[in-house]
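Report on the structure
The primary structure of each chain is shown beneath.
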Amino acid sequence: MPQRLGQHFLINKSAIKKIIAALNLQPNDIIIEIGPGKGALTFPLTAECQKIGCKVVAIEKDPELAKNLELGIRNYGRIKILRGDVLKDLPTLIHNSSFIIQNYKVVGNIPYYITGKLLRILSELENKPELTILMIQKEVAQRIVAKPPKMNLLAAAVQFWAEPKILFTLKPADFSPPPEVNSAVIRLTTKQQITTDNNYYKLLHIIFKQPRKTILNNLKTGLKMPKNKIEIALKSLKIDPNSRPQNLSLEQINSLLTQELFTDLDCS
Ligand code: SAM
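The shown structure was predicted, so the numbers you read here are calculated from the model rather than taken from an experiment.

The rules behind these values
- Residues numbered from 1 in each chain as written.
- Predicted model: local features only at pLDDT ≥ 70, side-chain atom pairs only at ≥ 80, totals over all residues.
- Heavy atoms only, no water.
- Helix = DSSP H or I, 4+ residues; strand = E, 2+ residues; numbered from the N terminus.
- Near = heavy atom within 4 Å.
- Polar contact = N/O pair within 3.5 Å; in protein donor to acceptor, adjacent residues only side chain to side chain.
- Areas by Shrake-Rupley, 256 points an atom, 1.4 Å probe, with all protein chains shown as cover.
- 1 Å grid on protein atoms, 1.4 Å probe; cavity = no way out; pocket = protein on both sides within 12 Å on 5 of 7 lines; lining within 4 Å.
- Sits in = over half its atoms within 2 Å of the grid points.
- Nonpolar A, V, L, I, M, F, W, Y, C, P; charged D, E, K, R; others polar.
- Points joined across faces, edges and corners; volume = space filled by probe spheres on them.
- Phe/Tyr/Trp six-rings, centres within 6.5 Å; stacked < 30°, edge-to-face > 60°.
- Buried < 20%, exposed > 50% of the residue type's maximum accessible area, 1.4 Å probe, protein only.
- Lys NZ or Arg CZ within 6 Å of the ring centre and 35° of its normal.

Here we come to the environment of E130. Secondary-structure assignment places E130 in the loop between α5 (115-124) and β6 (131-137). Sequence separation of E130 and T42 is 88 residues, and the distance between their C-alpha atoms is 20 Å.

Here's what the structure looks like:
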């Protein structure tokens with residue numbers, strides 16, 4: 001039976017220490033914690049921030065848990081609990097808040113069913129976190145870090161803006177109640193000088209639409225263009241038109257954006 005709001009609380013103390021270490025806390029950091037729950041991560045993180053001078057903003061959707069956390073942090077400084085839905089509130093918080101300035105980091109043992117949407121939201125933020133540390137389902141983490149010949153839509157979408165690395169994995173027994181799947185903590189380091197390029201994401205959806213088809217066929221169907229035009233463009237980029245999308249490197253996908261043929265995607 002899936003837990004309400006994905007509530008599987010972390011009980012592995014060494015994992016909590018490792019997550020906090022991965023944040024590489026600095027004096028002026030603002031740490032946004034997603035889904036603090038009962039505070040397994042929140043309390044030690046805040047204690048650390050009190051020592052070095054960073055701040056924590058924790059967003060919790062469950063009103064009962066948020067209320068208990070507010071009571072629990074009464075004697076702490078440097079933390080604010082926001083009652084809300086990270087999927088709706090994160091962009092507003094980042095772009096309109098007076099206390100979120102330039103640099104911030106995101107951390108969370110998140111409900112696994114929001115992973116895709118959250119990654120999408122992060123990718124669309126104009127002011128992205130410099131670092132994101134997330135506990136997610138192990139299989140999803142493995143898909144995110146994949147390279148050719150296991151490239152996939154999720155990997156290409158995340159790797160466009162971040163360098164992903166799996167830091168460590170966890171078993172169901174590290175949580176209470178235990179989830180049905182294994183978990184992994186993934187670090188996403190935001191790349192410097194990335195531009196939000198909607199064409200890139202449109203192109204990805206076209207290329208990976210039918211992963212078992214060739215790159216050429218996916219592009220032909222998605223762009224509604226003559227096969228030979230696409231073939232010539234791909235060959236000029238040294239991309240085998242008959243190869244499958246899983247074999248494309250990030251550099252090759254990026255190189256497609258240098259071709260006019262693939263950047264005018266309004267027809268898709
Ligand atoms: N961080 C705690 C821990 O490690 O023990 C709790 C982790 S639990 C997997 C996920 C938490 O996210 C729960 O407290 C849940 O209520 C909260 N949550 C679920 N959906 C949310 C959302 N859309 N926005 C903010 N919090 C959410």
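After that view of the structure, there is still more to cover.
Take the site of the ligand next. Taken together, 21 residues lie near the ligand, and Q7, G35, E60, D85 and N109 sit nearest. Backbone polar atom of P36 to a nitrogen atom of the ligand: 3.4 Å apart, as the coordinates give it. In isolation the ligand exposes 590 Å². Once the protein is present, 99% of that is buried. More than half of the atoms of the ligand fall within 2 Å of the grid points belonging to the largest pocket. Those elements that provide at least two residues to the shell around the ligand are β1 (9-10) and β3 (55-60). By residue class, the composition of the shell around the ligand is 9 nonpolar, 7 polar and 5 charged.

Before going further, it helps to spend a moment on the layout of surface pockets. Its boundaries defined by the atoms lining it, the largest pocket holds a volume of some 400 Å³. Looking at the largest pocket, it is lined by 30 residues, and the ones nearest its centre are L5, G35, E60, N109 and P111. Elements represented by at least two residues in the lining of the largest pocket include exactly β1, β2 (30-34), β3 and α4 (86-96).

Inspection of the entire model under this criterion finds 4 aromatic pairs. Note on F43 and Y76: the rings are 5.6 Å apart at their centroids and 50 degrees apart in plane angle, and the pair reads as tilted. Of this pair, F43 sits in helix α2 (residues 42-52) while Y76 sits in the loop between α3 (63-72) and β4 (79-83), and the two are 33 residues apart along the sequence. Residue F43 is classed as partly exposed on the basis of its relative accessible area of 22%. On the basis of relative accessible area, Y76 is assigned to the partly exposed category, the value being 30%. Every member of this aromatic cluster is reached through a ring pair, and the members are F160, Y200 and Y201. Directly above the aromatic system of F168 lies the positively charged group of K18, at a separation of 4.3 Å from the ring centroid. Its end group placed over the ring of F9, K38 keeps NZ or CZ at 4.5 Å from the ring centre.

Geometric values such as these leave the question of function open.
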